[in-house]
Every structure is written in C-alpha cells, then in structure tokens.
Amino acid sequence: MREDLKIENIYCVGRNFEGHAKELGNKVPKSPLIFQKSSSAVNTKDIIKIPKNQIIEHELEIVVLIGKDGSPKTRNEANSFISGYSIGLDLTDRRLQTDLKKKGLPWFAAKSFKGSAVFNSNFIKHECPKEFYLKINQEIRQEGNLKDMIFSFESILLHISNIVDLKKGDIIFTGTPEGVGPLASGDQIEIGFKDHPSKKLIVI
Ligand code: ZN
C-alpha cells in the first residue's frame, strides 16, 4: 500500500443497486444501509486468502477515499470531501451472513474477517469513471455503472455525516451490482474501471 495512505474507518453500503438487492431477496432501502469493517481487514495485496471451511463471495464495489475531517452539510460540500476513487471487493461469508440476518444479529463476523476489505490502493483523483468490472479467470462476472446506484456518493457521505464525523483516510465501499458469487482457490481475479489500469489478484 502507498506509504502516505493510512486507512481509518471502513464504511460499506448495502443494497445500493436494485439488481443486487433483488438477487438476495431484499427490498430496496429508503435510506443508505451502512455497516462497517475493521480497518485491520484492509487487503491491498495481490492475494486473497480464503479462510478454512468458509465460502467467500465477491462483491465488486467502487471505493471512495475521504480527504479531510469533518461533516459536510450540502451535496457540493460532500463532493469536496472525496479525494479519490478506486475499485474493491467487499468479501462476504454469505452463509454466515444469511444465518446472522435470520437471527437479527450484526453482520460483523460475515463481513469483517481478515483480509475482507480488498481494494486497489491507487486511487483515481478528480471524476469517478462510470463503468467498472470484475473478471474471474478472464471472464466477466460483475459489471457496474454509476448511473444504476440508488444512493449517490454525496448522499452516502451526508448520511454517514449525520451519524459520525468523517475522517481523512476513511474509505467507503459504495455497494455492489448484481452477479455476486463464490471465489475458489486458484481463481485469477481482475478488478478495475473500464479503460483504466486494473488490479490483478490470485485466490489461495
Ligand atoms: Zn457490499
């Protein structure tokens, strides 16, 4: 990871694409559904280690980097808090998450296991590219487009800022499009924005 990049909080948005909410049998939310991963779950390496006896699913997401401390009050101000855009995988132990959901318990163990916050630490500044993808073994498995997001980056930031102050170094996983599925040992992963340098990883 870049030495000048110290990750603080990791926020994630659930159900921000209609197609994904539906594929898991969930309703589209009226306000952003936010959960967190531990900052020690950060994985910017090129290896994904699947914990023993777990089925881990990929969720392809745009990751937003926060560039200053505070709480924006307007959409324009919220936009000025974003210092970069990247692509990541919100890795999820789906079986455990489904079980926790049924029991009405927090998703922590299903979402915040070691190495579960995968992202490319080369953030793009200025405007966020619109189209992003995940390839597994050279085959497209997930594709997303900014226009299909239910809640914009600015709405997400304003929503989080109503609860806590943002911090420089916070990152936000902004939700996955449809097509989530399990990873297998030996899979070759490629994630990126269309027409931009991608990141490659191997699953072990
Ligand atoms: Zn996710």
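Everything below is about the structure shown above.
Cut-offs used in this document
- Residues numbered from 1 in each chain as written.
- Predicted model: local features only at pLDDT ≥ 70, side-chain atom pairs only at ≥ 80, totals over all residues.
- Heavy atoms only, no water.
- Buried < 20%, exposed > 50% of the residue type's maximum accessible area, 1.4 Å probe, protein only.
- Helix = DSSP H or I, 4+ residues; strand = E, 2+ residues; numbered from the N terminus.
- Contact = heavy atoms within 4.5 Å.
- Pairing = 2+ DSSP bridges.
- Core = buried A, V, L, I, M, F, W, Y, C linked by side-chain atoms within 4.5 Å.

*Asks:* Explain helix 5 (residues 153-161) to me, using residue names and the numbers behind them.
*Replies:* Counted residue by residue, helix 5 has seven buried out of nine residues, so it is predominantly covered. Residues of helix 5 that are buried include every one of Phe 153, Glu 154, Ile 156, Leu 157, Leu 158, Ile 160 and Ser 161, and no others. Its buried side turned inward, helix 5 meets strand 1 (10-14), strand 2 (33-37), strand 6 (60-66), helix 2 (75-80), strand 7 (82-90) and strand 12 (171-173).

*Asks:* Tell me about the sheet that holds strand 5 (residues 56-58), and name the residues and values.
*Replies:* Spatial strand order, 8-5-13: three strands in an open sheet with antiparallel pairing. The open sheet terminates on both sides in strands that have one partner only, identified here as strand 8 (92-93) and strand 13 (181-182). Sheet analysis places strand 5 next to strand 8, joined by two bridges and oriented antiparallel. By the bridge assignment, Glu 57 is partnered in strand 8 with Thr 92.

*Asks:* Account for the sheet that holds strand 7, naming residues and giving values.
*Replies:* Spatially, 2-1-12-6-7-9-3 is the arrangement adopted by the seven strands of the open sheet, whose pairing is mixed. Edge strands, defined here as strands with exactly one partner in the open sheet, are strand 2 and strand 3 (42-43).

*Asks:* So what's going on with the nonpolar core? Which residues, and what values?
*Replies:* Leu 89 and Ile 189 are the most contacted members of the largest nonpolar core, which totals 37 residues. When residues of this core are traced back to their parent elements, those giving at least two are strand 1, strand 6, strand 7, strand 10 (131-136), helix 5, strand 14 (188-193) and strand 15 (199-203). Considering each element in turn, this core owes the most residues, five residues, to helix 5. Dropping the residues within four chain positions of it, Ile 189 is found in contact with Leu 89, Leu 134, Lys 135, Ile 136, Leu 183, Lys 199, Lys 200, Leu 201 and Val 203.

By themselves, these are just geometric observations and shouldn't be taken as functional.
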